[in-house]
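# A structural walkthrough
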Amino acid sequence: KLPILATVNKGIDGGVELNQTVINQYGLLGKVNLVGPISSIVELLTSPANRVAARITSTRDMGIIKFQHSKGLILDHVPVQSKVKIGDTIVTSGLGGIYAAGFLIGTVRSVERVKDNPFCEIIIETAANFNSIEELFMLKKDLQ
């Protein structure tokens, strides 16, 4: 089972703000969800409540990243006509006001085009390993 939250030993006193983007050397981890004086809670991409506007780099198609316990990380709302394929890179699109454009989310692990469904079912392999987060970076809004 993947974690959905992470506690960080920096808070308001360390300059942390609500909704700051959180990354590591591999890719996007999530956003700051709660800030206290000396610690913060990060809502990871593996939280079913978290949503991220995303783009497929090869096709420029956009969708919404969300986590489902039964399937893992999925890219939803991509039209069935998309030319998306296994191995395509997925990054943040910059829409939605939380995440700036261009942060690596992962790669396409599988694409299924279900009959009578206007959208592809796309499963994403995350760039970051959520079971072994050792270091992370909280990006200041003016640096994104």
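Residues numbered from 1 in each chain as written. Predicted model: local features only at pLDDT ≥ 70, side-chain atom pairs only at ≥ 80, totals over all residues. Heavy atoms only, no water.

### Observations concerning the overall build of the protein chain
- Summing up its helical and strand segments, the protein chain has zero helices and 11 strands in all.
- When its helices and strands are written in sequence order, the protein chain yields β-β-β-β-β-β-β-β-β-β-β.
- In terms of overall dimensions, the protein chain is globule-like: its C-alpha atoms have a radius of gyration of 15 Å, near the 15 Å expected for 144 residues.
- By sequence separation, contacts in the protein chain at least 24 residues apart represent 55% of the contacts at least 6 residues apart.
- For the protein chain, the accessible surface area stands at approximately 7,800 Å², while carbon and sulfur atoms represent 54% of it.
- Charge centroids of the protein chain, computed over 15 positive and 13 negative side chains, lie 5 Å from each other. (Helix = DSSP H or I, 4+ residues; strand = E, 2+ residues; numbered from the N terminus. Rg over C-alpha atoms; globule rule 2.2 N^0.38 Å. Contact = heavy atoms within 4.5 Å. Areas by Shrake-Rupley, 256 points an atom, 1.4 Å probe, with all protein chains shown as cover. Lys, Arg positive; Asp, Glu negative; His and termini not counted. Charge placed at Lys NZ, Arg CZ, Asp CG, Glu CD.)

### Quick look at the sheet that holds strand β8 (residues 89-92)
- Pairing within the closed barrel is antiparallel, and its six strands lie in the order β5-β6-β7-β10-β9-β8. Adjacent strand axes in the sheet meet at a mean angle of 45°, parallel and antiparallel pairs treated alike.
- In the sheet, strand β5 (residues 52-56) pairs with β8 via three bridges, with the strands oriented antiparallel. Following the sheet pairing, Ala-54 is matched in β8 by Thr-92. (Pairing = 2+ DSSP bridges. Axes fitted to C-alpha atoms, helices over the stretch in contact; angles between N-to-C directions.)

### Structural notes on the pattern of salt bridges
- Going through the model one piece at a time under the given rule, you end up with four salt bridges.
- Notably, a salt bridge pairs Asp-88 with Lys-85, separated by 3.1 Å at the nearest N-O pair.
- Linking Glu-125 and Arg-109 is a salt bridge whose minimum nitrogen-to-oxygen distance equals 3.1 Å. Of this pair, Glu-125 sits in strand β10 (residues 121-126) while Arg-109 sits in strand β9 (residues 104-112); the two residues are 16 residues apart in sequence, bridging distant segments of the chain.
- Taking the relative accessible area as the measure of exposure, Arg-109 reaches 42% and is therefore partly exposed. (Salt bridge = Lys/Arg side-chain N within 4 Å of Asp/Glu carboxyl O. Buried < 20%, exposed > 50% of the residue type's maximum accessible area, 1.4 Å probe, protein only.)

### Considerations on the layout of surface pockets
- Estimated volume of the largest pocket: approximately 160 Å³.
- As for the largest pocket, its lining consists of Leu-2, Thr-46, Phe-67, Gly-72, Leu-73, Arg-109, Ile-124, Glu-125, Thr-126, Ala-128, Asn-129 and Phe-130.
- For the lining of the largest pocket, the secondary-structure elements that each account for two or more residues are β7 (72-76) and β10.
- Here the lining of the largest pocket is composed, by residue class, of six nonpolar, four polar and two charged. (1 Å grid on protein atoms, 1.4 Å probe; cavity = no way out; pocket = protein on both sides within 12 Å on 5 of 7 lines; lining within 4 Å. Points joined across faces, edges and corners; volume = space filled by probe spheres on them. Nonpolar A, V, L, I, M, F, W, Y, C, P; charged D, E, K, R; others polar.)

### Some points on the pairing of strand β3 (residues 28-35)
- The sheet contact formed by strand β2 (residues 21-23) and β3 spans three bridges and is antiparallel. By the bridge assignment, Thr-21 is partnered in β3 with Lys-31.
- In sequence, β2 turns back onto β3 through a hairpin of four residues.
- Here five bridges tie β3 to strand β4 (residues 40-44), and the two strands are oriented antiparallel to one another. Paired with Val-35 across the two strands is Ser-40, which belongs to β4.
- Count of turn residues in the β3/β4 antiparallel hairpin: four residues.

### Description of the side chain of Gln-20
- Along the polypeptide, Gln-20 turns up in the loop between β1 (5-8) and β2.
- Once you skip the residues sitting within four places of it in the chain, Gln-20 turns out to touch Gly-15, Gly-30, Lys-31, Val-32, Met-138, Leu-139, Lys-140 and Lys-141.

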